[in-house]
Amino acid sequence: MPVVFVLHGINRNLGYTLDTWEPLADRHGFLIVVPHFDDRHFPGAFSYGQGSVRDGTVPRGSAFNAIEPIFAAVSLRYGIKGQGYRLFGHSAGAQFVHRFLYFHPEAPVERAVISMAGWYTLPDAEIDWPYGLGGTAVSEAQLRRIMALDVAVQVGSQDRVRDEQLRRSRGAEAQGRNRVARGITYFEAMEDRAASLDAPFRWRFVVVPDAGHDSEAGAEDAAAWLAAGQGQRRVLAQNAGS
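What you see is a predicted model; the values in this text were computed from it and never measured.

> Just checking my understanding: could you explain helix H5 (residues 140-147) for this structure?
Because each turn of an α-helix spans 3.6 residues, side chains separated by three or four positions end up pointing in the same direction. If you check which residues of H5 are buried, you get Leu143, Ile146 and Met147. Looking straight down H5, one finds its buried side chains confined to an arc of 95 degrees; they lie on one side. Structurally, H5 contributes buried residues whose contacts are with helix H4 (92-103) and helix H7 (179-196).

> What is the right way to read helix H1 (residues 14-28) from this model?
For H1, which comprises 15 residues, the first-to-last C-alpha distance of 21 Å matches the rise-based estimate of 21 Å (1.5 Å per residue) to within 8%. At Trp21, H1 shows its maximal kink, close to 25 degrees; a proline, Pro23, follows between one and four residues later. By the N-cap criterion, in which a side-chain oxygen at the helix start approaches the backbone nitrogen of a residue two or three places on, H1 is capped by Asn13, the distance to Gly15 being 3.3 Å. One or two positions beyond H1, positive phi appears at Gly29, with a value near 75 degrees.

> Explanation requested: the packing of H1 against helix H8 (residues 215-226) in the structure shown.
When two helices pack together, their arrangement is captured by the angle between the axes and the distance separating the axes. Axis separation between H1 and H8 bottoms out at 10 Å; the angle between their running directions is 30 degrees. Our classification of the angle between H1 and H8 gives roughly parallel. Judged by the twist between their axes, the crossing of H1 over H8 is right-handed. Here H1 contributes Tyr16, Thr20, Trp21, Leu24, Arg27 and His28 to the contact with H8, which in turn contributes Ser215, Glu216, Ala219, Glu220, Ala223, Ala224 and Leu226. Here the contact of H1 with H8 is composed, by residue class, of seven nonpolar, three polar and three charged.

> Quick question: what am I supposed to make of the nonpolar core here?
Within soluble globular proteins, side chains that are nonpolar generally end up buried alongside one another. Counting 50 residues, the largest nonpolar core has Phe5, Tyr85, Leu87, Phe96 and Phe100 as the members making the most contacts within it. The leading source of residues in this core is H4, at eight residues. Ignoring any residue separated from it by four or fewer positions in sequence, one finds Phe5 in contact with Val33, Pro35, Ile67, Ile70, Phe71, Tyr85, Arg86, Leu87 and Phe88.

Thresholds, definitions, all that
Residues numbered from 1 in each chain as written. Predicted model: local features only at pLDDT ≥ 70, side-chain atom pairs only at ≥ 80, totals over all residues. Heavy atoms only, no water. Buried < 20%, exposed > 50% of the residue type's maximum accessible area, 1.4 Å probe, protein only. Helix = DSSP H or I, 4+ residues; strand = E, 2+ residues; numbered from the N terminus. Arc of directions from axis to C-beta. Contact = heavy atoms within 4.5 Å. Expected span 1.5 Å × (residues − 1). Bend = angle between axes of the 7 residues up to and from the residue. Polar contact = N/O pair within 3.5 Å; in protein donor to acceptor, adjacent residues only side chain to side chain. Axes fitted to C-alpha atoms, helices over the stretch in contact; angles between N-to-C directions. Parallel < 35°, antiparallel > 145°, perpendicular 65-115°, else oblique. Left-handed = near helix turned anticlockwise from the far one by under 90°. Nonpolar A, V, L, I, M, F, W, Y, C, P; charged D, E, K, R; others polar. Core = buried A, V, L, I, M, F, W, Y, C linked by side-chain atoms within 4.5 Å.

Rendered as structure tokens:
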């Protein structure tokens, strides 16, 4: 049975996330794990989507370091052996997922969906963190490994509204005026970097028709691709700060 980690948005609404994903797990036959990065242990967007990374260093208590112990616990509980896991992150969760991949390229990620992020860390060492990899220790070898993964960068076709949650810093605005433009910028940057490294590139760019900044539409669109094989649905919600 495939294991799918679902990374919630900045509202950290665990109930809403479970309500969205439980029917999809039933339909497609996978186990969902929803880590809860609460405000007490992981305050603000910096602690969650950016993993508390400063000066390119991942601190011991980073949110990015929570996934592997949770997967180990899930594997022990359900007798999972010899397989990895899949990732889906929407909005702030997408911020988490794409940066997690940079700093944990060795993780047993089978595929990942980066859904409707508001801005990105580009694979460019000439751009300072957090808008690029400047100042981090992310190597070309690590980038090659990430680029060889099955990853989908997902945007909603109508996610072009400059709402109050859209970052308007100089670094973010350089990526585009809205989430669609910024998603294109990120995907093309990864594609171009893979070409410059002569690295295999297995990523895909997915546009969800008629969708705005809609986590349910993103989940519905991604679930079948994330699923692999058949099995009975199981759900586990895990407090990442515990």
